[in-house]
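Commentary on secondary and tertiary structure
This is what each chain is made of:
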Amino acid sequence: MEFKAGQIAAMIGGTVDGDPEIAVSTFAKIEEAGAGAITFLANPKYTHHIYTTGASIVLVRRDFVAEQPVGATLIRVDDPYETLSRLLEFASRAMTPQPIGIEQPCHIADGVAVGDDCYVGAFAYIGRGAVIGSGVKIYPQAYIGDGVSVGDGSIIYPGAKIYHSCKIGKRCIIHAGAVIGADGFGFAPTADGSYHKIPQIGIVEIADDVEIGANTTVDRATMGATRIERGAKLDNLIQAAHNTEIGHDTVIAAQAGIAGSTKIGSNCMIGGQTGFAGHICIGDRVQIGAQSGIPGNVADDSILMGYPAVPARDFMRQAAYMKRLGELFNRVKELERSINKNK
Amino acid sequence: MEFKAGQIAAMIGGTVDGDPEIAVSTFAKIEEAGAGAITFLANPKYTHHIYTTGASIVLVRRDFVAEQPVGATLIRVDDPYETLSRLLEFASRAMTPQPIGIEQPCHIADGVAVGDDCYVGAFAYIGRGAVIGSGVKIYPQAYIGDGVSVGDGSIIYPGAKIYHSCKIGKRCIIHAGAVIGADGFGFAPTADGSYHKIPQIGIVEIADDVEIGANTTVDRATMGATRIERGAKLDNLIQAAHNTEIGHDTVIAAQAGIAGSTKIGSNCMIGGQTGFAGHICIGDRVQIGAQSGIPGNVADDSILMGYPAVPARDFMRQAAYMKRLGELFNRVKELERSINKNK
Amino acid sequence: MEFKAGQIAAMIGGTVDGDPEIAVSTFAKIEEAGAGAITFLANPKYTHHIYTTGASIVLVRRDFVAEQPVGATLIRVDDPYETLSRLLEFASRAMTPQPIGIEQPCHIADGVAVGDDCYVGAFAYIGRGAVIGSGVKIYPQAYIGDGVSVGDGSIIYPGAKIYHSCKIGKRCIIHAGAVIGADGFGFAPTADGSYHKIPQIGIVEIADDVEIGANTTVDRATMGATRIERGAKLDNLIQAAHNTEIGHDTVIAAQAGIAGSTKIGSNCMIGGQTGFAGHICIGDRVQIGAQSGIPGNVADDSILMGYPAVPARDFMRQAAYMKRLGELFNRVKELERSINKNK
């Protein structure tokens, strides 16, 4: 499929700056694009590539001002990244396999109804009493335990595992290898130093439009529910312990870990490999830098970084001071010498 | 099922402080509980909730003294958390699916005997020469390699993978997605800068009563065995490299990583996201705070934190000093000015 | 199988220092080895064990000089670890199951050709248009999506998942639970604070001789490809985000995380739990200590450590200064007292 710059601009509400007849048939990153490719410029770090890119078309902000000649045709839009996203979606529907129907052998327990537009891949397992909405895709080797519900339009990728009784909302995406509802890590010490397992009889409740990354684990609650609210996005290899709660539209990058009973507010942005202590509350709209350690409660709108975390500006200053510690020790030594001489 | 406060107190050896006739049918967390629920108070951080909880019954320590009126009926016990655990266990047996029998299709290699009380789920794989004890539950899509042994009463959750020749003790729990016995990460550099794989011909030996969390990986030894001793509990997404040893009754929180050949003693408590260098020895009863980095040997009974780790008290002091570094630089500058003026 | 010291020395080009007739039938670590075992000494930390080991044969460097009597027969070689590796390989071929053929039930889509020397385990899934080279082993419950190619001699261990259209080179090893090609973590914020998913229409391209550890995740590119070059070795539980590139012969230890679009050069050594910011470039032959945080570009041949990372020597100094911060505060206080007294 080929599209001309003029057609694309009309489709996305942009204005062409160059040749409206130039055509593209693929997407590429600005530094790798060749003739026939459309690309975009959103991150200012990449601006210099626009003067050398081989792309035929580049999506740019409406206010973009070229400081050198640009070979590509530009399409000016309000938000190049969001526009690209819409174009990609269009392409993605054409390029991504859209399986449908029931492949055999799979295991669907007696009495479980699966809608007409669903996909159940080979070797998938759906337990007793499970409720599968319409348009759900359950890929091969996925496990849907007894009593689990999966809302309309959700996708459970290959090998994802959902333990019994957990609830998955509508239009959720659970990536391969994610484990939803394994036992929370709860043990009571006994007199002889060994541990007694605390049964974990709660569940996991995942609201609508949530995405859970590959190999991420969300443990079931001891009692009640571990909750992930509407629109939250979790990257890969994240640990969300028992009875944690993650607010709506919060995004969490890969390998972050949230200890038991901690609540994270809505619209937060959490960097990769960050760790949260247990039993704490994080406010709304909080931003936390990668690899931070969060030992206590955090107020709304905080921007933190470090281990233990401090306001991000202080973290930068601390790191700068750290580099000058040797100098400081020398200066103090010098002062001591001066003083002793004067005594 | 409903139980009255008097019945429960008799069952668990507690004393009722309130209405012995009040009945409960569910469990809940103290801050979320409503009428008909039993809850508990163990962590002092939650004490204020006891004055407002809607729970019908609260388990408290025998010496609990209310500082305000409490609406709920109290049951006084020695250890509320441990008591709750026993009650949960009772409930858990009723609420958790207890599958039994062999679901088809599954793959059980010729000659492998599986006891009468076992469960083998659909799409589970049991290789040649495997030995499966009695009462073992092997959930769907689990993989038990050739020559693996699984002791009586152990549970292998969906999609857990155990490579050939590894040994799992009795009453172990291996959660979904855990990988036991993948190759250790061993490569010898060659003259041209590429790497030559060192075959990993050892195994993993997991003793009795061990729990391994979801998506945790325990690598097989280069030679000999990677060992996890009796009663150790590993949370989710932990890495235990080749030839590591983890002592009995040691608990390790999520996302910790232990490099090759390191030995951790018994009765240790290791915080989440902690990293251990390779070829080191950690003593018994060691406690390590979350996200610490452990570069060398650690003596028995140490309490460490930080990166690199120091005694936990020193870590707190260091963090406090870090916040005052700017002030210190200013004070030194001021001193220098004073001295120069006096010269 | 038993081998005599003389036979082994001839096989590996070593010289016997002791009894050429002594025989071994197993491998063991130097501190655990008993009679009948061969072991090796490469790491100087373990030298003291050579005087007490029960091993019958020890591989040592040609220039090894014993400082006490040694009971074992020595075989002197250029590189004991590399030599051991070759011996282990020989043993490994005998000890490791080498499955072959097609186990049923498995799912091989119509039209997919699988070579004669391949293994496809039960419950494995191979999608439409996949291309499977000769001698490939696809273990039970592995998932090979539509259009995936797997080069000659590669091994896909149980439960590994490869999403559609990704490319795996020759002689690669993908361990259990690894997920190759899940969606990159890309979302565009919308006006109401929710997020819009950016379709991820790129792929993952893994070159020849790459090893990917258990439960490691390598995300597909937004556009183009996430690339892992020839001979790179990734340990367990690593996150490689969309559009990352990892150079040839680079080794990365467990639980490291690489954010989107970051490029790591060739022949690098990256410590466990290290985190890389997105959109940065790491040079060739870079070495990074465990748990480091890398916020920006790194030049060729750098040796870094810390959070944020600094040259490794500076990190050691900083850690030493950190321990003396309390002392420094006291010294400054003392100076202030002196000055004030003299005023």
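Further up the page is the structure itself.
Everything numeric in this text was worked out from a predicted model, so none of it was measured.

Parameters at a glance
- Residues numbered from 1 in each chain as written.
- Chains lettered and ligands numbered in written order.
- Predicted model: local features only at pLDDT ≥ 70, side-chain atom pairs only at ≥ 80, totals over all residues.
- Heavy atoms only, no water.
- Helix = DSSP H or I, 4+ residues; strand = E, 2+ residues; numbered from the N terminus.
- Rg over C-alpha atoms; globule rule 2.2 N^0.38 Å.
- Buried < 20%, exposed > 50% of the residue type's maximum accessible area, 1.4 Å probe, protein only.
- Contact = heavy atoms within 4.5 Å.
- Lys, Arg positive; Asp, Glu negative; His and termini not counted.
- Charge placed at Lys NZ, Arg CZ, Asp CG, Glu CD.
- Pairing = 2+ DSSP bridges.
- Least-squares fit on C-alpha atoms with pLDDT ≥ 70 in both.
- Expected span 1.5 Å × (residues − 1).
- Buried area = accessible area lost by both parts, 1.4 Å probe.
- Salt bridge = Lys/Arg side-chain N within 4 Å of Asp/Glu carboxyl O.
- Polar contact = N/O pair within 3.5 Å; in protein donor to acceptor, adjacent residues only side chain to side chain.
- Axes fitted to C-alpha atoms, helices over the stretch in contact; angles between N-to-C directions.
- Parallel < 35°, antiparallel > 145°, perpendicular 65-115°, else oblique.
- Nonpolar A, V, L, I, M, F, W, Y, C, P; charged D, E, K, R; others polar.
- Disulfide = S-S within 2.5 Å.

**Section: the overall build of chain A**
Per the secondary structure count, chain A includes four helices and 39 strands. At 26 Å, chain A has a C-alpha radius of gyration far larger than the 20 Å of a compact globule built from 343 residues. Dimensions of chain A, computed from C-alpha atoms along their principal axes, come out at roughly 95 × 80 × 30 Å. Counting only residues that meet the buried cut, chain A has 60% of its 343 residues in that class. If you take every contact in chain A between residues at least 6 apart in sequence, the share linking residues at least 24 apart comes to 18%. Between the centroid of the 30 positive side chains of chain A and the centroid of its 36 negative side chains there is a distance of 9 Å.

**Section: the pairing of strand β7 (residues 73–77) of chain A**
All names here are of chain A. With five of its five residues buried, β7 lies for the most part within the structure. Of the two faces of β7, the one carrying Thr73, Ile75 and Val77 and the one carrying Leu74 and Arg76 are both buried. Direction of pairing for strand β2 (residues 15–17) relative to β7: antiparallel, over a ladder of three bridges. Looking at β7, one finds that Thr15 is bridged to Arg76. Across five bridges, strand β6 (residues 57–61) lies against β7 in parallel orientation. Within β7, the residue paired with Val58 across the bridge is Leu74.

**Re the relation of the copies chain B and chain C**
Two chain copies, one operation linking them: a rotation about an axis together with a shift along it. Rotating chain B by 120 degrees about the axis while translating it 0.0 Å along that axis superimposes it on chain C, leaving an RMSD of 0.1 Å. Taken together, the rotation angle and the small translation identify this as a three-fold axis.

**Some details on helix α2 (residues 80–95) of chain C**
An ideal rise of 1.5 Å per residue puts 22 Å on 16 residues; α2(C) measures up with 22 Å between its terminal C-alpha atoms. The elements touched by buried residues of α2(C) are β22 (195–197) of chain B together with α1 (5–12), β4 (26–27), β5 (37–40), β6 (57–61) and β7 (73–77) of chain C.

**Details of the interface of chain B and chain A**
Interfaces are often described in size by the accessible area the parts lose on coming together. Of the residues lining the interface, 70 residues belong to chain B; the matching set on chain A comes to 70 residues. Contact between chain B and chain A buries roughly 5,500 Å² in total, counting both sides, with carbon and sulfur atoms accounting for 64%. Counting across the interface, chain B meets chain A through three salt bridges. Of the charged contacts, one joins Arg331(A) and Glu336(B) as a salt bridge, the two residues approaching to 2.8 Å between their closest N and O atoms. Taken together, the links from chain B to chain A amount to 27 residue pairs in polar contact (both at pLDDT 80 or more). Elements supplying a minimum of two residues to the side of chain B that touches chain A: α2 (80–95), β27 (233–234), β30 (251–252), β38 (303–306), α3 (312–323) and α4 (325–342) of chain B. Among the elements that take part in the side of chain B that touches chain A, α4(B) stands out by supplying nine residues, more than any other.

**Points about the packing of α1(C) against α2(C)**
All names here are of chain C. In the contact formed by α1 and α2, the axes pass within 11 Å of each other and the chain directions differ by 105 degrees. On the basis of their axis angle, the class for α1 and α2 is roughly perpendicular. Together, Ile8, Met11 and Ile12 of α1 and Thr83, Arg86 and Leu87 of α2 make up the contact between the two elements. Residues that form the contact of α1 with α2 fall into these classes: four nonpolar, one polar and one charged.

**Digging into helix α4 (residues 325–342) of chain A**
Along its 18 residues, α4(A) runs 26 Å from first to last C-alpha, staying within 8% of the 26 Å computed at 1.5 Å per residue. Looking only at α4(A), the buried set comprises Leu325(A), Gly326(A), Leu328(A), Phe329(A), Arg331(A), Val332(A), Leu335(A), Ser338(A) and Ile339(A). On the buried face of α4(A), the contacting elements are α3 (312–323) of chain A, α4 of chain B together with α3 (312–323) and α4 (325–342) of chain C.

**Focus: the state of the cysteines**
Residue and element names in this part refer to chain B. A full pass over the atoms with the stated rule returns zero disulfides over all chains. This cysteine, Cys172, is not joined by any disulfide, and Cys166 carries the nearest cysteine sulfur, 13 Å off. Residue Cys172 is classed as buried on the basis of its relative accessible area of 1%.

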